[in-house]
Amino acid sequence: MPYHKDKQQAFQAAQQGTMEAKEWYENLVRDRADYGSQLKHLKQEVNEAFEQINNALEVASEKQRAQLERFRSDLEAIVSEVNETE
């Protein structure tokens, strides 16, 4: 049973990390004075989420793996959009 719990916890951490990164991205305001600070925090959130996804993929079920790949795709889209506007 602990193995299942670890899988679920790893998945939930990846899900939460992805949601937080998306929230930071959605609230990013390019013309604010603290844009650089916001961007730095967003990059940190995205990197942490990628790390959590990679950790979760090590123990994920097939269903979780598909969702984790969608999380990764969402984060890659954020990175791509941020890089285009810099």
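Analysis parameters
Every chain begins its residue count from 1, and numbering advances along the sequence as written. Given that this is a predicted model, residues contribute local features only at a pLDDT of at least 70 and side-chain atom pairs are listed and counted only at 80 or more, while totals for whole chains, interfaces and linings are drawn from all residues. Excluded from the side-chain calculations are hydrogens and water; all other atoms, namely the structure's heavy atoms, are used. Strands are runs of DSSP state E lasting at least two residues, helices are runs of H or I lasting at least four, and both sets are numbered from the N terminus onward. Only protein chains enter the area calculation, which uses a 1.4 Å probe; residues under 20% of their type maximum are buried, those over 50% are exposed, and those in between are partly exposed. Working rule for contacts: check all heavy atoms of both residues, and any pair within 4.5 Å makes them a contact. Surface exposure here means Shrake-Rupley accessible area, sampled with a 1.4 Å probe, where a residue is shielded only by the protein chains that are shown. Each aromatic pair joins two rings of Phe, Tyr and Trp (for Trp, the six-membered one) with centres within 6.5 Å, and gets the label stacked for planes under 30 degrees apart, edge-to-face for over 60, and tilted for any other angle. What a helix should span is 1.5 Å times the count of its residues minus one. Think of a nonpolar core as a cluster: buried Ala, Val, Leu, Ile, Met, Phe, Trp, Tyr and Cys residues, connected wherever their side-chain atoms sit within 4.5 Å.

A. Expanded view of the overall build of the chain. Within the chain, the regular secondary structure consists of three helices and zero strands. C-alpha atoms of the chain, sized along the principal axes, occupy 50 × 20 × 15 Å. Of all 86 residues assigned to the chain, the portion counted as buried reaches 31%. For the chain, long-range pairs separated by at least 24 residues make up 67% of all intrachain contacts whose partners lie at least 6 apart in sequence. Carbon and sulfur atoms form 48% of the exposed surface of the chain, whose accessible area is close to 5800 Å².

B. Focus on the packing of aromatic side chains. Evaluated as defined, the whole model comprises one aromatic pair. Considering the side-chain rings of phenylalanine 11 and phenylalanine 71, the 5.8 Å spacing of their centres and the 35 degrees angle between planes classify their relative orientation as tilted. Linking phenylalanine 11 in helix H1 (residues 2-26) with phenylalanine 71 in helix H3 (residues 62-85), this pair joins segments that are 60 residues apart in sequence. Judged by relative accessible area, which is 12%, phenylalanine 11 ranks as buried. A relative accessible area of 7% places phenylalanine 71 in the buried class.

C. Region of interest: helix H2 (residues 35-57). Between its first and last C-alpha atoms H2 spans 32 Å; for 23 residues at 1.5 Å apiece the expected length is 33 Å, and the two agree. Restricting attention to buried positions, one finds in H2 the residues Tyr35, Gln38, Leu39, Leu42, Glu45, Val46, Ala49, Phe50, Ile53, Ala56 and Leu57.

D. Region of interest: the nonpolar core. Counting residues in each nonpolar core, the largest one holds 21 residues, and the members touching the most others are Leu42, Val46, Ile53, Leu68, Leu75 and Ile78. When residues in this core are grouped by element, the largest group, nine residues, is from H2. Discounting residues that sit within four places of it in the chain, leucine 75 has contacts with Thr18, Ala21, Val46, Ala49, Phe50 and Ile53.

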